[in-house]
Amino acid sequence: ATPRDASREGATRGRGATHRASDAADEDDVAMKTTRGRARVRRMPAGRIRRRAARALSIACALALGRDGVTRAEAQASDGNCVAAEQTAIFVAFSENAPDAVFRSDDGCLAGGGRGVGCCPGSVCKACEGDSTSRFYSCKCEPCAAGTVQPLAAQKTCVSCPAGWFNSRTGQATCEPCPVGTFSTKVGNTVGCTACGAGTSGKSTLEDYYEKTTRSWRAPATGDGSTFDSTLAATSCTDCPAGTSGGGAGDACTPCAPGYYSAARAETCTPCPVGTYSVLSGGASIDSCIPCAAGESNNATGSTECWQVCPIALLSCAADAVRDRGAYDALELARARPRISYTDDGIDDYRARLCKTGCETFGTDHWCASFGLPTQDDCKKYAPPPPPPPAPPGDVADPNATAANASAAS
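Every residue gets a number counted from 1 within its own chain, in the order that chain's sequence is written. Only residues with pLDDT of at least 70 get local features here, since the model is predicted, and only at 80 or more are side-chain atom pairs given and counted; chain-wide, interface and lining totals rely on the full set of residues. Working from all heavy atoms in the structure, the side-chain values ignore hydrogens and water.

Participant: Even after reading the chapter, I still don't get the overall build of the chain, so can you show me in this structure?
Facilitator: Runs of E in the DSSP output that reach at least two residues are strands. Runs of H or I that reach at least four are helices, and both are numbered from the N terminus. Looking only at helices and strands, the chain features seven helices and 19 strands. Only protein chains enter the area calculation, which uses a 1.4 Å probe; residues under 20% of their type maximum are buried, those over 50% are exposed, and those in between are partly exposed. When each of the 410 residues of the chain is scored for burial, the buried share is 30%. Contacts spanning at least 24 positions in sequence make up 48% of the contacts within the chain whose residues lie at least 6 apart. A contact between two residues is defined here by any heavy atoms of the two lying within 4.5 Å.

Participant: Sorry, what's going on with the environment of Cys178 here?
Facilitator: Its location among the elements puts Cys178 in the loop between strand 7 (176-177) and strand 8 (182-183). With a relative accessible area of 0%, Cys178 lands in the buried category. Sequence spacing of Cys178 and Gly192 is 14 residues, and the spatial spacing of their C-alpha atoms is 7.2 Å. Filtering out sequence-adjacent residues up to four positions away, Cys178 remains in contact with Gly164, Trp165, Phe166, Phe183, Ser184, Cys193, Thr231, Leu232, Ala233 and Ala234.

Participant: Hey, could you run me through the environment of Gly181 in this one?
Facilitator: Topologically, Gly181 is positioned in the loop between strand 7 and strand 8. In sequence terms Gly181 and Leu232 are 51 residues apart; their C-alpha atoms lie 8.0 Å from each other.

Participant: Is there a simple way to explain helix 4 (residues 206-213) in this structure?
Facilitator: Residues three or four positions apart in an α-helix share a direction because the helix packs 3.6 residues into each turn. Taken together, the buried positions of helix 4 are occupied by Tyr209, Lys212 and Thr213. All buried residues of helix 4 fall inside an arc of 85° around its axis, so they share one side. Elements that come into contact with the buried residues of helix 4 comprise strand 6 (165-166). By definition, the arc is the one covered by directions from the helix axis to the C-beta atoms.

Participant: I keep staring at the pattern of salt bridges and nothing clicks. Help me out?
Facilitator: Opposite charge on two side chains makes pairing possible when the charged atoms of those side chains draw close. The salt bridge criterion pairs a side-chain nitrogen of Lys or Arg with a carboxyl oxygen of Asp or Glu, the two atoms within 4 Å. Tallying each qualifying case throughout the model produces seven salt bridges. For Lys212, the salt bridge is made with Asp208, and the minimal N-O distance between the two is 3.1 Å. Of this pair, Lys212 and Asp208 both sit in helix 4, separated by four residues, roughly a single helical turn. Given a relative accessible area of 22%, Asp208 falls into the partly exposed group. The salt bridge partner of Asp239 is Arg265, with a shortest N-O separation of 2.4 Å. Of the two residues, Asp239 is situated in strand 11 (residues 237-239) and Arg265 in the loop between strand 14 (260-261) and strand 15 (270-271); the sequence distance between them amounts to 26 residues. Asp239 gets classed as partly exposed once you look at its relative accessible area, which sits at 42%.

Participant: Even after reading the chapter, I still don't get the packing of aromatic side chains, so can you show me in this structure?
Facilitator: Here a ring pair, both rings aromatic, is described through the centre-centre distance and the interplanar angle of the planes. Pairing of aromatic rings covers Phe, Tyr and Trp, the last counted by its six-membered ring, and requires centre-to-centre distances within 6.5 Å; plane angles under 30 degrees mean stacked, over 60 mean edge-to-face, and any other angle means tilted. One pass over the structure, following the stated rule, counts three aromatic pairs. Seen from their ring centres, Tyr209 and Tyr210 are 5.5 Å apart, and the 70° between their planes marks the pair as edge-to-face. Among the aromatic side chains, those forming a connected cluster through ring pairs are Trp165, Tyr209, Tyr210 and Phe228.

Put into structure tokens, the structure is as follows:
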């Protein structure tokens, strides 16, 4: 071989060695990257592993559900934390190669820990499909039947509505309380509540409300039943108490208005009789109706006030002196007669002035101490003095005659 050939062969061998060295370097670099990658995997927090497992689960769910023509968006609820009713929930099986990603459980359809999400409230995962050789477990989210509910997500059983509550629809998260004026003793009620009779209404207790809404069942978040109301969720009917009336379907026992009263179990309130009044609500008997003061009355039942019907305020009068409302006020205004004031008077002075006013104005001793005594009449002392009696004919001198006689004598 010529020197040129030897030089060419050496160059070829050099390039080959360079390529082999380069390939070896690439392999070492790949090995180093792989090693670093493994190191990163070993150092990766368990929370990040769970999130990656959950993403992988979501992709698997979408692919699995896509075979049935159902999209992932349809399979999950709007918040992404549960699977809607009638859709399939899928859970990752426990993996020996990634023990931090999911936790072991004999129940393959178990939400949390990177396994997957459960059924939304109102539905439950009843039948779990899969075995020890499966990579995924699944179950169909079945809606709760009428009369039952499930307020929590990722549950396996529905709970019955307690007494005093009902649910007539499927797939519900909460029950509805019996409305005002109704009750129910049935557990798992699907048809509504029974109306109370007239004069009675349903009533519940705070203890009963908390006992039923803080265990396996939860009260609604808003609306009727979200807070305690003694007129809702009743399990029996009770008599409307005295001072109230009403009851029956849709009605609670309501307090009687001013001017009215009632006994227990009343359908309606009774008005106070004429001559009485009441200014407070919830009157429990006729004793709550106050008689009008002397000299006052009213002309209607169920009144809340009285007015002056006699000539003198706060004093009674004969039946023929009674007038309609405002009559004596108008009379006094027309005569411009000031009302009698007894604030600074003694009682005897007041009675004397009252007697005199009645005698001079109305000609009767009705307001005098002699009233009712047939032999006395105090008005006689206030009567004007009679005119003087006429003089006898001869006893009265004629001024003209007297003057004439005087002139003659002179």
